[in-house]
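Observations on chain architecture
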Amino acid sequence: MFDNLSLFVSTIADGLLLTVEATLGGIVIATVLSFVFGLAMLSRSRTVRVVARIYVEIWRGTSEVVQLLWIYFVLPVLIGYRIVPLVAGIVVLGLNFGAYGAEIVRGAVRSVPKAQYEGAVALNFTSAQRMRRVILPQALVEMVPPLNNLFIQLLKGSALLTIISVHEMTYQAREVLIDRHIDQAWLIWTVVLLFYLVLAILITIGMRLLERWAGRLVGRKPDERSIFSRRRKPVLDMPEAVPGGGPR
């Protein structure tokens, strides 16, 4: 039953690097676009807000598969240059998930208490200083958990690149192995599932570490818990109380 297991693992692993490249490339683009358009939707300029909203609605409201096919097949006709399949896939992943990430950034920034804005104004900070030194560090803590989910979705979305012949893990399983070992399809796809699961766990570990670092930036005391446990309300450093009333 498991005689071909090593063959399945090695063949699927041949597509691992492309899956990782597509995922990391998509994450980088999506992160940049999330902050650019998320903050643009909070701009005082109506034009900037409208442009940002158009981007979000187009890429969030249309099919990811159609987006991929359009970028790969239609765009080269318009620009006169052929696009490498992996590049097309990375661009689509970045643009698509960047639209979702923009809403995460916008919501996290809006969640910062109004008193923080007022305090920054009282300190005579400029708008850029308020955002960079006061608002974004606090908003980042709230962004990380939903961005973790978004990046895992992006990882899983990288499997769509098989339809434009990017030889990532799903392509290796479907095009290389299944036809030759159809009777063991269940084992082949189980191996693929486990590969994706391991990658998703690695993303989660990285994002939980980022969450702790972001918490320390704003003075939140990290609690002693596993990175896989549920997120609890952050603990702030507070002076210890002593018998009889006030702080020690």
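Let me begin by describing the structure that accompanies this report. (Residues numbered from 1 in each chain as written. Predicted model: local features only at pLDDT ≥ 70, side-chain atom pairs only at ≥ 80, totals over all residues. Heavy atoms only, no water.)

Here the focus is the packing of aromatic side chains. Under the defined criterion, the tally for this structure stands at three aromatic pairs. Here Phe37 and Tyr55 contribute two aromatic rings whose centre-to-centre distance is 4.1 Å and whose plane-to-plane angle is 25 degrees, an arrangement assigned as stacked. Placement of the pair is Phe37 in helix 2 (residues 16-40) and Tyr55 in helix 3 (residues 46-61), with a sequence separation of 18 residues. Among the residues examined, Phe37 registers a relative accessible area of 18% and is labelled buried. Both rings, one in Tyr72 and one in Phe73, keep their centres 4.8 Å apart while their planes meet at 75 degrees; by these two values the pair is edge-to-face. Using a relative accessible area of 48% as the deciding quantity, one classes Phe73 as partly exposed. (Phe/Tyr/Trp six-rings, centres within 6.5 Å; stacked < 30°, edge-to-face > 60°. Helix = DSSP H or I, 4+ residues; strand = E, 2+ residues; numbered from the N terminus. Buried < 20%, exposed > 50% of the residue type's maximum accessible area, 1.4 Å probe, protein only.)

Next up on the list: the packing of helix 6 (residues 114-122) against helix 7 (residues 127-157). Two elements in contact, helix 6 and helix 7, have axes separated by 10 Å at closest approach and are oriented at 160 degrees. Viewed along their axes, helix 6 and helix 7 adopt a mutual orientation that is roughly antiparallel. Helix 7 is crossed by helix 6, and the crossing has right-handed handedness. Contact with helix 6, carried on its side by Gln116, Tyr117, Ala120 and Val121, involves Arg130, Val134, Ile135 and Gln138 of helix 7 and no other residues of that element. When the residues that make up the contact of helix 6 with helix 7 are grouped by side-chain class, the tally is five nonpolar, two polar and one charged. (Axes fitted to C-alpha atoms, helices over the stretch in contact; angles between N-to-C directions. Parallel < 35°, antiparallel > 145°, perpendicular 65-115°, else oblique. Left-handed = near helix turned anticlockwise from the far one by under 90°. Contact = heavy atoms within 4.5 Å. Nonpolar A, V, L, I, M, F, W, Y, C, P; charged D, E, K, R; others polar.)

Let us look at unusual backbone geometry. Trans peptide bonds make up most of the peptide bonds, and negative phi angles are found at most residues other than glycine. In this structure, Ser165 is a non-glycine residue whose phi angle is positive, near 65 degrees. The residue Ser165 is located in the loop between helix 7 and helix 8 (169-177) in this model. By relative accessible area, which is 43% here, Ser165 ends up partly exposed.

This paragraph deals with empty space enclosed by the protein. On inspection of all chains with the given rule, the structure shows two cavities of 30 Å³ or more. Around the second largest cavity, the lining residues are Glu64, Leu68, Gly89, Val92, Leu93, Gly157, Leu160 and Leu161. Those elements that provide at least two residues to the lining of the second largest cavity are helix 4 (64-79) and helix 5 (85-111). Ranked by the residues each element gives to the lining of the second largest cavity, the list is headed by helix 5, at three residues. Split into classes, the residues belonging to the lining of the second largest cavity amount to five nonpolar, two polar and one charged. (1 Å grid on protein atoms, 1.4 Å probe; cavity = no way out; pocket = protein on both sides within 12 Å on 5 of 7 lines; lining within 4 Å. Points joined across faces, edges and corners; volume = space filled by probe spheres on them.)

Before going further, it helps to spend a moment on the packing of helix 7 against helix 9 (residues 185-217). Contact geometry for helix 7 and helix 9: axes closest at 9 Å, N-to-C directions at 175 degrees. With respect to helix 9, the axis of helix 7 lies roughly antiparallel. For the pair helix 7 and helix 9, the contacting residues are Pro137, Leu140, Val141, Val144, Pro145, Leu147, Asn148, Phe151, Ile152 and Leu155 in the first and Tyr196, Leu199, Ala200, Ile203, Thr204, Met207, Leu210, Glu211, Trp213, Ala214 and Gly215 in the second. Of the residues assigned to the contact of helix 7 with helix 9, the class counts are 17 nonpolar, three polar and one charged.

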